[in-house]
Amino acid sequence: MRVLILRDYESVSAWTARYIANEINAFEPTSSNPYVLGLPTGSSPMGTYKELIAMVKEGELSFKNVVTFNMDEYVGLGGDHPQSYRYFMQEHFFNHIDIIPENTHIPNGLATDIDYECKAYEQAIQHAGGVRLFFGGVGVDGHIAFNEPGSSLVSRTRVKTLTSDTVLANARFFDNNTELVPKTAITVGVGTIMDARQVLLVVSGVSKAEALKQAVEGPISHMWTVTALQMHPKAIIVCDEAAAAGLKTETVRYFKDIEKDNLL
């Protein structure tokens, strides 16, 4: 596992966007051999999305031959609902880049057969050739996607019941009313994420310090699903100083030393 400890959220976003752009450009995707990218929603990726949008507008990057798969979607919300993740992605990313709409994939929260939708989503990822890079964030309780504490570390796309902490954290998007927050979501599994050739997580703010500590220094545990990344052959965590506050001094010193020449 690589851990890059940068100054602040802006630095984290800039580094992450540049890394993703470099990976896409180095791959030289075509329509018959697209780059498959896993994407998150929420506040963590917003800075990275803004940086990527700027690169597209400046002609440094193109998403014409990129296929995307989002991590999750609320059950019961259609893509036109302002708080659905489809709506979020359109408003904050897809509408501002040159991606082909048919190449964007997000679970259907209104599917009449949810189990079939979950299986079909897994099959669609495999049909696309598998995810080359899964970009994501982490919850304060260490969850990745909606794989809440206690989730199987070999889980696949399925419906998950959201914890009270997650519902409370997401209430800010629903007029701070927890009653309006959906209580279940379709989410890719930990195993789905681990299948990606690379996993890149951004972690920012002191509220994520314990989750980062567990991810880097803690034992592998289904109670902190982010710790599964310790078993991934190519996982990268990009964090800021605030999120790294809980790490041991020697841990911080070690990663800053070995990554000092890798700051883009």
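Scope of this entry: the structure provided in the associated data block. Keep in mind the model is a prediction, meaning the values are calculated, not measured.

1. A look at the overall build of the protein
Logical step 1: When helices and strands are counted, the protein shows eight helices and ten strands.
Logical step 2: Computed over C-alpha atoms, the radius of gyration of the protein comes to 17 Å, within 12% of the 18 Å expected from 2.2 N^0.38 for 264 residues, which places it in the range of a compact globule.
Logical step 3: Expressed along its principal axes, the backbone C-alpha trace of the protein runs to roughly 50 × 45 × 35 Å.
Logical step 4: Evaluated residue by residue, the protein yields a buried proportion of 54% over its 264 residues.
Logical step 5: Across the protein, contacts joining residues at least 24 apart in sequence account for 79% of those joining residues at least 6 apart.
Logical step 6: Taken as a whole, the protein presents about 11700 Å² of accessible surface, with 51% of it coming from carbon and sulfur.
Logical step 7: The averaged location of the 31 negative side-chain charges in the protein is 4 Å from the averaged location of its 22 positive side-chain charges.

2. What to know about the pairing of strand S6 (residues 133–136)
Logical step 1: In S6, alternate side chains face the same way, and those of Leu133 and Phe135 on one face and Phe134 and Gly136 on the other are all buried.
Logical step 2: Bridge count for S6 against strand S9 (residues 198–203) is four bridges, and the pairing is parallel. Directly across from Gly136, in S9, lies its bridge partner Leu201.

3. Some thoughts on the pattern of salt bridges
Logical step 1: In total, this model carries seven salt bridges according to the counting rule given.
Logical step 2: Here Arg156 and Glu122 are joined by a salt bridge, their closest N and O atoms 3.2 Å apart. Here Arg156 is found in the loop between S6 and strand S7 (158–161), whereas its partner Glu122 is found in helix H4 (residues 114–127), with 34 residues between them in sequence.
Logical step 3: On the accessibility criterion, Arg156 (31% relative accessible area) is partly exposed.
Logical step 4: Taking the relative accessible area as the measure of exposure, Glu122 reaches 12% and is therefore buried.

4. Things to note about the packing of helix H2 (residues 46–57) against helix H3 (residues 85–92)
A pair of packed helices is captured by two measures, namely the crossing angle of their axes and the spacing between those axes.
Logical step 1: With their axes 11 Å apart at the nearest point, H2 and H3 run at an angle of 40° to one another. When the interaxial angle is binned, H2 and H3 end up oblique. For the pair formed by H2 and H3, the contact residues are Met46, Tyr49 and Ile53 on the first element and Phe88, Met89 and His92 on the second.
Logical step 2: Here the residues of the contact of H2 with H3 are counted per class, giving five nonpolar, one polar and no charged.

Rules behind the numbers
Residues numbered from 1 in each chain as written. Predicted model: local features only at pLDDT ≥ 70, side-chain atom pairs only at ≥ 80, totals over all residues. Heavy atoms only, no water. Helix = DSSP H or I, 4+ residues; strand = E, 2+ residues; numbered from the N terminus. Rg over C-alpha atoms; globule rule 2.2 N^0.38 Å. Buried < 20%, exposed > 50% of the residue type's maximum accessible area, 1.4 Å probe, protein only. Contact = heavy atoms within 4.5 Å. Areas by Shrake-Rupley, 256 points an atom, 1.4 Å probe, with all protein chains shown as cover. Lys, Arg positive; Asp, Glu negative; His and termini not counted. Charge placed at Lys NZ, Arg CZ, Asp CG, Glu CD. Pairing = 2+ DSSP bridges. Salt bridge = Lys/Arg side-chain N within 4 Å of Asp/Glu carboxyl O. Axes fitted to C-alpha atoms, helices over the stretch in contact; angles between N-to-C directions. Parallel < 35°, antiparallel > 145°, perpendicular 65-115°, else oblique. Nonpolar A, V, L, I, M, F, W, Y, C, P; charged D, E, K, R; others polar.

Shape is all these values report; function is a separate question.
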